Amino acid sequence: MSAADAGDLCATALLDPQHHANAPIIYPPGHELLSQHQIADIISEETGREVRYQYITANDWSRQLLAHSGGLPNHAMIQHITTQTKMCEDNTTILRKDIDPSALAAASGRPPLTFRNFVRQHRSAFGAADA
């Protein structure tokens, strides 16, 4: 889910709380499910750069995040995201893995941003090759 989609979802819940009155927590399923390889392929296609996915352990990822933190590591965030990753890997996550393309649109009031369109909108941040 993009930050814009999450923001729209929160704004909709605040502006129209009765729309979400049947549940104490609004947590819609995702609208697309992509593998790491598919994500790398989309970034490659949209940026003109070769991007590949290579598996690393949560511990290795944590070490890499610390090494590239610029001297200001956010230890809590590094711990959180690497723990979430490990939980997804061993299937103990509480995160939803189901998808329903219409659920986020219904909850936020607009069609969600696809990953491909997100990459398109932020090509320069992904280091897009010059045309």
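This one's a predicted model, so the numbers in the text were calculated from it and none came from an experiment. Along each chain, numbering runs from 1 in the same order as the chain's sequence is written. Per-residue local features are limited, in this predicted model, to residues with pLDDT of at least 70; the limit for side-chain atom pairs, both in listing and counting, is 80 or more; totals at the level of whole chains, interfaces and linings are taken over all residues. Only hydrogens and water are set aside when side-chain values are computed; all heavy atoms of the structure are taken into account.

Looking now at the pattern of salt bridges. Here, a salt bridge means any Lys or Arg side-chain nitrogen found within 4 Å of an Asp or Glu carboxyl oxygen. For the structure shown, the criterion picks out four salt bridges. The partner of R116 in a salt bridge is E45, with the nearest N and O atoms 2.9 Å apart. Linking R116 in helix α6 (residues 115-121) with E45 in helix α2 (residues 36-47), this pair joins segments that are 71 residues apart in sequence. The class of E45 is exposed, set by a relative accessible area of 52%. Between R120 and E46 there is a salt bridge, with its nearest N and O atoms 2.9 Å apart. Residue R120 is located in helix α6, and its partner E46 is located in helix α2; the two are separated by 74 residues in the primary sequence. Per-residue accessibility, obtained with a 1.4 Å probe over protein chains only, is compared with the maximum for each type, and a residue is labelled buried under 20%, exposed over 50%, and partly exposed between these values. The exposure class of R120 is partly exposed, given its relative accessible area of 43%. Using a relative accessible area of 11% as the deciding quantity, one classes E46 as buried. Among the charged side chains, a network of salt bridges with common partners joins E45, E46, R116 and R120. Counting from the N terminus, the helices are the DSSP runs of H or I reaching at least four residues and the strands are the DSSP runs of E reaching at least two.

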